[in-house]
Amino acid sequence: MTLFQNMRRGLLPARLTVEEIYDLTEAGILPEQDDFELIEGEIIPMAGAKADWHEIMKSRLNRALMPALAGDARLFVEASVTLSEDTLVQPDLAVWTRDIRPRAVRGPDILLLIEVADSSLAYDLRVKAPLYARYGVRDYWVVDAIRQTIRIHRAAEHGVYIDVEEYEGHDPVTPLLFPDVTIRLDTLD
């Protein structure tokens, strides 16, 4: 029995795959604007309305990173990223090369991944960090929009980042794969 046949009978599987999520979206069953992630097959709702500080910080980082990225690197905002057959996330900002289509990108393809947090800080650190480490994201930043800090995660081993540092807003930070780019939260506008 297919997913659609089950759904006509009012049955939604307890676990879904990324392909099923795309199929449901293309069929109009899941609206494209719905905010959720698929974590190990389970749909996890995300905040539909983002707080002011979250959106302001995301915009500031976008403006700072966009002109600084050189070559084939492209900045994607809230793009869907497939980490595995049953895990689909929507990071706030992600950088990968333009030769990889968004639906084909995987963890090791990501050059920089940033989650901006205000109310989601615990989720970004306790749920997302292990996921990103497990699936090969090399440079993961959690920007706390309220405290004005950046927690940088690098050197993943066995699903855990072993190099984690927190920086204050006045500290300059540089993405692992973009040594010519420097971000200071207190100077972003």
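As the structure is a prediction and not an experimental result, all values here were calculated from the model.

S.K.: Looking at this structure, I do not really get helix α4 (residues 121–134). What am I missing?
M.R.: One turn of the α-helix equals 3.6 residues, which is why residues spaced by three or four share an orientation. Helix length check: α4 (14 residues) gives 19 Å between terminal C-alpha atoms against 20 Å at 1.5 Å per residue, within 8%. Maximal helix bending in α4 amounts to about 40 degrees, located at K128; proline P130 follows within four positions. Listed as buried for α4 are D124, K128, A129, L131, Y132 and A133. Count one or two residues on from α4 and you reach G136, which has phi positive near 85 degrees.

S.K.: Please explain the environment of S59 as it appears in this structure.
M.R.: Of note, S59 is situated in helix α3 (residues 52–68). Between the alpha carbons of S59 and L188 there is a distance of 9.6 Å; along the sequence they are 129 residues apart.

S.K.: Just to check I follow, could you spell out the sheet that holds strand β8 (residues 139–144) for this structure?
M.R.: For sheets, the rule is that strands pair by backbone hydrogen bonds, running either parallel or antiparallel. Here 6 strands make up an open sheet; going across it, the order is β3-β6-β7-β8-β9-β10 and the pairing mixed. Only two strands of the sheet have a single partner each, and these edge strands are β3 (73–77) and β10 (160–168). Ignoring strand direction, the axes of neighbouring strands in this sheet form an average angle of 20 degrees. Contacting β7 (112–117), β8, β9 (149–157) and β10, α4 runs over the sheet at an angle of about 175 degrees to β8.

S.K.: Would you explain the side chain of R154 in this entry?
M.R.: For R154, the position within the fold is in strand β9. Residue R154 is classed as buried on the basis of its relative accessible area, which comes to 16%. A polar contact of 2.7 Å, which involves the side chain of R154, links it to the side chain of D139. Aside from chain neighbours lying at most four places away, what touches R154 is R138, D139, W141, Y161, I162, D163, T174, P175 and L176.

S.K.: Explain the packing of aromatic side chains here, please?
M.R.: In this description, an aromatic ring pair is defined by two values, namely the gap between the centres and the angle between the planes. Applying the stated criterion to the full structure yields 3 aromatic pairs. Seen from their ring centres, F76 and W96 are 4.0 Å apart, and the 10 degrees between their planes marks the pair as stacked. Placement of the pair is F76 in strand β3 and W96 in strand β6 (residues 93–97), with a sequence separation of 20 residues. Residue W96 is classed as buried on the basis of its relative accessible area, which comes to 0%. When the ring of Y132 is compared with that of Y140, the centres are 4.8 Å apart and the planes differ by 70 degrees; the resulting orientation is edge-to-face. Accessibility classification places Y132 together with Y140 in one group, the buried group. Here the aromatic residues Y132, Y140 and Y161 are joined through ring pairs into a cluster of three or more.

Thresholds applied
Residues numbered from 1 in each chain as written. Predicted model: local features only at pLDDT ≥ 70, side-chain atom pairs only at ≥ 80, totals over all residues. Heavy atoms only, no water. Helix = DSSP H or I, 4+ residues; strand = E, 2+ residues; numbered from the N terminus. Expected span 1.5 Å × (residues − 1). Bend = angle between axes of the 7 residues up to and from the residue. Buried < 20%, exposed > 50% of the residue type's maximum accessible area, 1.4 Å probe, protein only. Pairing = 2+ DSSP bridges. Axes fitted to C-alpha atoms, helices over the stretch in contact; angles between N-to-C directions. Contact = heavy atoms within 4.5 Å. Polar contact = N/O pair within 3.5 Å; in protein donor to acceptor, adjacent residues only side chain to side chain. Phe/Tyr/Trp six-rings, centres within 6.5 Å; stacked < 30°, edge-to-face > 60°.

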